[in-house]
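# Observations on the three-dimensional arrangement
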Amino acid sequence: MPAERTLILVKPDGVRRGLVGEVIRRIESKGYKIAALRMLTADKDLLATHYAEHQGKPFYEPLLEFMSSGPIVAMIAEGQRVIEGFRSLAGVTDPTLASPGSIRGDLARDQGTKVVQNIVHGSDSVESAQREIKIFFPNL
Ligand code: DAT
Ligand code: MG
């Protein structure tokens, strides 16, 4: 059976702070394989597709503004149960509450901004992963 795949993003805060290597290190140390990787600056059209589920929420416009504010790194990671495994490595959405030991718990905190800045994105289900991988890696 082919291994599961997930879409991971290092967000602009992670890239600005030089944490791309640290995030990749944690993914690889856990045993997942990086199957594809690219750096890009996402435009708002791409981000609107990616974050369609959040349209209309109070943090939606700040989210698109933040996510388009600088380069991001997009990756496909592979491995058995990598979707839930990476969500666990990332920690919960709010970095103040994310467990120490997780990416968000160790590397991020509340910055007092309208949108939470929390270093990484990871797909939350098989359906989301397939949809999101197509957005960032249309040929894969
Ligand atoms: P996650 O990234 O943990 O899957 P999400 O999909 O609910 O979280 O939201 C996408 C991003 O939007 C999240 O990483 C940070 C931001 N965000 C979510 N909920 C928020 C809130 N209540 N206030 C501010 N920003 C929020
Ligand atoms: Mg999400």
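Residues numbered from 1 in each chain as written. Chains lettered and ligands numbered in written order. Predicted model: local features only at pLDDT ≥ 70, side-chain atom pairs only at ≥ 80, totals over all residues. Heavy atoms only, no water.

For the protein chain, the name recorded in an unreviewed UniProt entry is Nucleoside diphosphate kinase, with Actinobacteria bacterium BACL2 MAG-121220-bin52 as its organism. The record held by UniProt for the protein chain lists under Function (unreviewed entry) the comment "Major role in the synthesis of nucleoside triphosphates other than ATP. The ATP gamma phosphate is transferred to the NDP beta phosphate via a ping-pong mechanism, using a phosphorylated active-site intermediate." UniProt lists a comment for the protein chain under the heading Sequence similarities (unreviewed entry), and it reads "Belongs to the NDK family." (UniProt positions renumbered as here; feature names shortened; annotations may be inferred.)

Before going further, it helps to spend a moment on the UniProt feature "active site" (unreviewed entry) in the protein chain. Residues given the UniProt feature "active site" (unreviewed entry) here are H121. Along the chain, the position of H121 falls in strand β4 (residues 120-122). Given the relative accessible area of 11%, H121 is considered buried. In contact with H121, not counting residues within four places along its chain, are L7, I8, L9, K11, H50, Y51, F86, R104 and E132. (Helix = DSSP H or I, 4+ residues; strand = E, 2+ residues; numbered from the N terminus. Buried < 20%, exposed > 50% of the residue type's maximum accessible area, 1.4 Å probe, protein only. Contact = heavy atoms within 4.5 Å.)

Bringing the site of ligand 1 into the picture now. For ligand 1, the full set of nearby residues is K11, Y51, H54, F59, L63, R87, T93, R104, K114, V115, V116 and N118. A distance of 2.8 Å is found between an oxygen atom of ligand 1 and a side-chain nitrogen or oxygen belonging to R87. A distance of 3.1 Å is found between a nitrogen atom of ligand 1 and a backbone nitrogen or oxygen belonging to V116. Summarising the interface, the protein chains cover 77% of the accessible area of ligand 1, which totals 510 Å² for the free molecule. Across the shell around ligand 1, the residue classes tally to five nonpolar, three polar and four charged. (Near = heavy atom within 4 Å. Polar contact = N/O pair within 3.5 Å; in protein donor to acceptor, adjacent residues only side chain to side chain. Areas by Shrake-Rupley, 256 points an atom, 1.4 Å probe, with all protein chains shown as cover. Nonpolar A, V, L, I, M, F, W, Y, C, P; charged D, E, K, R; others polar.)

Looking now at unusual backbone geometry. Backbone geometry at R81 places phi at a positive 60 degrees, although glycine is not the residue there. By the element assignment, R81 lies in the loop between β3 (72-78) and α5 (82-90). What makes R81 exposed here is its relative accessible area of 54%.

Let us look at the pairing of strand β1 (residues 5-10). Among the six residues that make up β1, five are buried, leaving the element largely enclosed by the rest of the structure. The pairing of β1 with β3 spans six bridges and is classified as antiparallel. Its bridge partner being in β3, L7 is matched across the sheet by I76. (Pairing = 2+ DSSP bridges.)

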